[in-house]
Amino acid sequence: MKNILWIPIFFLLTFQAHADTGTVLGAVDGLAASGANTSIFGWACGKGLPTSIYVDLYLNGPGGTGQFIGRFLANQSSEPAVAQACSSTGTNYRFSIPLSPSVLQSDHGQTIYVHGISPTGLPNDLLANSGRFVVPDTGAVLGVIDGLDGSGANTSIVGWACG
């Protein structure tokens, strides 16, 4: 009888020790601008897993209420401190998501939310600092020069622009 009681307890303890494997961990670290290009960057992982996970980007609210922008793989090189936070030996947990010109143009001022996608079916939790950053107003002017019209002193540039 004693052995029968210990076997279920052992299995229960083993399951509880690994039940959080794949729990989403991570943070949105900030925005980086280079010229007309702006990216949101940070890190995300599934706890205890050496593989990269996906992240979903939303504007103006988290998943379910915000505007879905896209799914991106957090597979850029990361430092050992990130692997330690992930309780893992992986080396690729960082992401850098470029914000498209159309997002920069039409969505400036909207809050940025990033969900980590659990590869084990656990909740797709928001990363730390989600909602803290906003799409910047870059003041960029978009447009196209289609060509020239006229000749000599009466030449005009033909195209369009908006800001």
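Presented here is a report on the structure given in the accompanying data block.

1. A short note on the side chain of aspartate 56
Then, number 1: You can see aspartate 56 is positioned in strand β3 (residues 53–59).
Then, number 2: Reaching out from aspartate 56, the side chain makes a polar contact with the side chain of arginine 71 at a distance of 2.7 Å.

2. Observations concerning the pattern of salt bridges
Then, number 1: Counting across every chain of the model gives 4 salt bridges.
Then, number 2: Within this structure, Asp29, Glu79 and Arg94 form a network of salt bridges that share partners.

3. Concerning unusual backbone geometry
Then, number 1: Residue asparagine 60 is not a glycine yet carries a positive backbone phi of 65°.
Then, number 2: Structurally, the position occupied by asparagine 60 is in the loop between β3 and β4 (67–74).
Then, number 3: Of note in this structure, serine 87 is not a glycine but carries a positive phi near 55°.

4. So, the state of the cysteines
In a disulfide, the sulfur atoms of two cysteines are covalently bonded to one another.
Then, number 1: Using the criterion set out here, one finds 1 disulfide in the structure.
Then, number 2: The side chain of cysteine 45 participates in a disulfide bridge whose partner is cysteine 86; the two sulfur atoms lie 2.0 Å from each other. Disulfide cysteine 45 to cysteine 86: torsion about the S-S bond roughly -105°, handedness left-handed. With cysteine 45 in strand β2 (residues 37–46) and cysteine 86 in the loop between α2 (80–85) and β6 (92–99), this residue pair connects regions lying 41 residues apart in the sequence.
Then, number 3: On the basis of relative accessibility, which here comes to 0%, the residue cysteine 45 falls in the buried class.
Then, number 4: Relative accessible area serves as the criterion here: at 0%, cysteine 86 is assigned to the buried category.

Thresholds applied
- Residues numbered from 1 in each chain as written.
- Predicted model: local features only at pLDDT ≥ 70, side-chain atom pairs only at ≥ 80, totals over all residues.
- Heavy atoms only, no water.
- Helix = DSSP H or I, 4+ residues; strand = E, 2+ residues; numbered from the N terminus.
- Polar contact = N/O pair within 3.5 Å; in protein donor to acceptor, adjacent residues only side chain to side chain.
- Salt bridge = Lys/Arg side-chain N within 4 Å of Asp/Glu carboxyl O.
- Disulfide = S-S within 2.5 Å.
- Buried < 20%, exposed > 50% of the residue type's maximum accessible area, 1.4 Å probe, protein only.

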